Every structure is written in C-alpha cells, then in structure tokens.
Amino acid sequence: MTGRSALARVALGLAAGLALAGGVRVLNAPAPAISETFYVFGTLLEVETRGVPEAQARDAMAVLGAHFRQMHRDWHAWAPGKLESLNAAIAAGQPFEVDPGLAQLLAQGRDLACRSDGLFDPAVGGMVEAWGFHADTPPEGDPPSDAVVAKLLAGHPKMTDLTIEGTTVRSSNPAVQLDLGAYAKGAALDLAEADLTAAGITDAVLNAGGGVQVLGDHGARPWRVAIRDPFDWGVVAAVSLRPGEALHTSGNYERYFDKGGIRFSHIIDPRTARPMRGVVSVSVLSDSGALSDAAATALCVAGEEDWPRIAAQMGVSAVLRITDDGSIFATPEMRARLEAVEGGFPAPITVVDLPRDVAIPRCPEG
Ligand code: AMP
Ligand code: MG
C-alpha cells in the first residue's frame with residue numbers, strides 16, 4: 001500500500017479503539033439502548049433498537065436471530081448448506097430446488113450483475129475460492145498459477161448463465177459457482193429491516209462489518225456514522241443517515257494477503273479472474289442494503305474511467321472512492337453528505353459527476 005502512512009495504521013487503530021468491525025462506526029449511539037450481536041457470514045452483526053420496551057425489542061431480536069441463522073446456513077459459500085448443494089448441482093449440470101427466499105436473492109443478484117456490466121457477479125465463486133478466500137482466515141501459500149487463472153477465465157461463469165423458474169435453479173454453464181458474499185450482508189440487513197418494521201420497531205441501527213443500515217431518525221437526531229480511513233484507521237468523514245438508508249464499504253483492507261509487495265484483495269475482477277487493483281475502498285449510500293453492498297463491490301472492480309457510468313447504470317448516486325495513492329473521489333450527492341471530523345478530510349476530495357441518461361442494461365429473460 002502506498003499513500004498515507006501505512007505505519008500509522010495499527011497505532012491509530014488501537015488508540016481510536018474502533019470497536020465495530022468494517023468501514024463505519026456509529027458516532028452518537030445513545031447510551032443504554034437495547035442491542036444484540038449476531039454472527040453471520042463470518043461477521044459480527046450488531047442490532048441496536050430504541051424507543052420500544054425491552055420485551056418487544058428482545059422478541060424482535062429472537063426473530064432476527066432465527067433468520068440470520070437460516071441465512072448463514074442457506075447462503076454461506078463454503079460451509080455445508082443449501083448454497084453448497086446448489087453449487088454441486090450446477091457443477092453436475094443438474095437443476096436444483098431452492099426456497100423462495102434464495103430464489104429471490106439469486107434473481108436480485110442476476111439483475112444487479114447485468115446492471116454492473118458483470119463487474120459484480122456472484123457466479124465467480126470458483127475464482128474467489130482459487131485465490132484462497134473461501135476460508136475464515138486469510139489465504140496462505142502462493143497465488144494460483146497463470147494456467148489456473150486462464151482456466152477460470154475460460155469457464156466464463158456469469159449470473160446470466162442461470163435460469164430461475166419459480167424455485168428451480170439451473171445453469172447452462174457448469175463453471176458457475178455461486179458466492180453471495182458481495183451482497184448477502186446488505187440483503188440480510190434489508191430483511192432484518194423488514195423484520196424489525198413488522199415487529200413495530202421504528203428506530204434502530206444495524207451494523208455489520210462494512211455495512212450499516214438505519215430505521216428511523218434516532219429520535220430527531222439522525223444516526224451518525226463514520227467512514228473509516230483505510231490508511232490509518234482514522235476517519236475519512238461522517239455521514240448522518242436518513243431513515244431507511246444503507247451505507248456499505250468494500251475494500252482491499254478487510255480480507256487480503258500480501259505477497260511480493262502486492263496486496264491481493266478478496267474482490268475479484270471477473271474480466272481477469274484476478275484480485276482488483278488500485279482501489280482501497282468504495283462506500284455507497286442508497287436506500288437498499290443489497291444495492292449499496294453490490295455497488296460498493298462493483299465500483300472497487302470498475303476502473304477510473306468506468307466507475308461513474310457503472311454507478312449510474314446500477315442506480316446509485318452517492319459514492320465515495322479512495323484509490324491506493326490516497327486520492328479521494330466523491331459524487332456530488334455523496335460530497336454533500338460528508339461531514340469533516342478530526343479536523344478536516346484526510347485529503348482533498350475530487351468531485352466526479354455521474355453521466356446522465358445512461359442506458360440501463362437488462363438481463364436476458366431467465
Ligand atoms: P464485499 O466485501 O461486499 O465487497 O464482498 C466481497 C466478497 O464478494 C468476496 O469475499 C467474495 O466472496 C465475493 N466476490 C469477490 N469478487 C466478486 C465480484 N466481482 N462479484 C461478486 N462477488 C464477488
Ligand atoms: Mg459488497
């Protein structure tokens with residue numbers, strides 16, 4: 001990593017006592033609200049509610065807990081469960097029955113993949129695995145050989161290879177291996193938001209390594225979160241979230257390995273079957289967790305030229321992008337939301353307009 005002091009990273013991280021995982025932390029969480037922490041997809045997911053009696057909050061948390069456990073079982077890319085069975089069926093050229101929730105999630109992933117020109121594509125699980133990221137610990141050993149990478153690329157796995165008819169899923173391409181990691185967290189927070197709303201909870205914050213989503217306005221004061229500076233574990237800026245908003249950050253600093261002076265990130269460029277380069281983090285703010293999450297991943301992969309167009313195609317307009325030389329770019333809508341903390345922004349922010357009137361790519365039927 002070049003740019004702003006990599007050395008200061010560890011020291012400041014400890015000094016600042018960043019208790020919450022991921023790219024954001026809640027700055028003004030009220031004192032004793034009711035909160036619970038869940039473990040889903042390898043991340044701690046913290047839910048904090050306000051404004052309802054404790055019993056009501058705990059009942060809602062019990063429902064959430066059951067749903068998160070089910071998502072963990074059904075959507076996990078490398079633990080035994082539904083997704084693993086679906087991947088085995090795809091590799092064998094067989095159709096597979098999924099439950100309606102997974103069918104819906106896959107259809108959403110397929111649509112988002114088309115809108116991102118395939119830069120976000122949950123069909124690239126084989127590539128993610130080959131780079132060693134289907135494990136709870138960082139990869140050890142050597143990166144895959146050029147021959148392995150060429151083979152992965154030749155398989156050309158993509159979401160449009162999938163046909164989803166009701167709850168029957170089949171793939172015309174056995175190289176497809178589903179890995180929902182780039183949007184599952186956001187989708188989980190969307191479902192949790194729906195659960196909390198159904199339980200009569202109107203004020204809550206959900207925080208899961210790199211993603212935060214809010215219900216309500218924190219009793220007249222908005223929930224205010226910090227976007228973490230990946231270079232020094234300080235803070236890039238704060239954002240006051242409006243009711244229903246979701247902010248997701250993706251980057252090369254959460255899951256990676258360093259080899260020969262190169263940082264290999266867990267975000268794979270489907271065009272090369274290799275980890276994306278050049279971007280340290282991307283944060284996306286929108287009204288949907290799944291969309292913010294998928295777009296943050298896609299915009300890490302998209303190059304400097306293309307990212308504004310991909311953002312417009314995906315329908316997101318508030319984006320913050322930090323490159324590995326420490327430069328910070330923001331769309332006008334994101335720039336308007338950034339609040340300086342700790343004495344200002346860590347670097348000047350270049351405002352980048354999004355193109356207007358882009359054609360929205362649609363998936364073929366299926
Ligand atoms: P995120 O932290 O949301 O950017 O998600 C990264 C995770 O998504 C990785 O750990 C992989 O499991 C998966 N993934 C990596 N590259 C891609 C990609 N280009 N499209 C979709 N999923 C990906
Ligand atoms: Mg993501």
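Residues numbered from 1 in each chain as written. Chains lettered and ligands numbered in written order. Predicted model: local features only at pLDDT ≥ 70, side-chain atom pairs only at ≥ 80, totals over all residues. Heavy atoms only, no water.

Draft legend 1. Structural view of the pattern of salt bridges. For the structure on display, the rule yields 15 salt bridges. Connected via shared salt-bridge partners are Glu36, Glu54 and Arg58. (Salt bridge = Lys/Arg side-chain N within 4 Å of Asp/Glu carboxyl O.)

Draft legend 2. Broad picture of the coordination of the magnesium ion (ligand 2). Distances from the magnesium ion (ligand 2) to its protein donors, namely Ala182 (O), Asp293 (O), Asp293 (OD) and Thr297 (OG1), fall within the range 2.1 to 2.4 Å. A relative accessible area of 21% means that Ala182 is categorised as partly exposed. A relative accessible area of 7% means that Asp293 is categorised as buried. (Donors = N, O, S within 2.8 Å, 3.2 Å for Na, K, Ca; no water. Buried < 20%, exposed > 50% of the residue type's maximum accessible area, 1.4 Å probe, protein only.)

Draft legend 3. Layout of the packing of helix α7 (residues 184-198) against helix α8 (residues 289-301). The geometry of α7 relative to α8 is characterised by a closest axis approach of 7 Å and an angle of 170° between their N-to-C directions. Taken together, the axis directions place α7 and α8 in an arrangement best described as roughly antiparallel. Residues Ala184, Lys185, Gly186, Ala187 and Asp190 of α7 form the contact with α8, whose participating residues are Gly289, Ala290 and Asp293. Residues belonging to the contact of α7 with α8 are distributed by class as follows: three nonpolar, two polar and three charged. (Axes fitted to C-alpha atoms, helices over the stretch in contact; angles between N-to-C directions. Helix = DSSP H or I, 4+ residues; strand = E, 2+ residues; numbered from the N terminus. Parallel < 35°, antiparallel > 145°, perpendicular 65-115°, else oblique. Contact = heavy atoms within 4.5 Å. Nonpolar A, V, L, I, M, F, W, Y, C, P; charged D, E, K, R; others polar.)

Draft legend 4. Broad picture of the pairing of strand β3 (residues 43-49). Across the seven residues of β3, five count as buried, placing the element largely inside the fold. As paired strands, strand β2 (residues 34-40) and β3 are joined by seven bridges and run antiparallel to one another. In the strand pairing of β3, Ser35 is matched with Glu48. Linking β2 to β3, which pair antiparallel, is a turn of two residues; within it Phe41 sits at a positive phi near 45°. (Pairing = 2+ DSSP bridges.)

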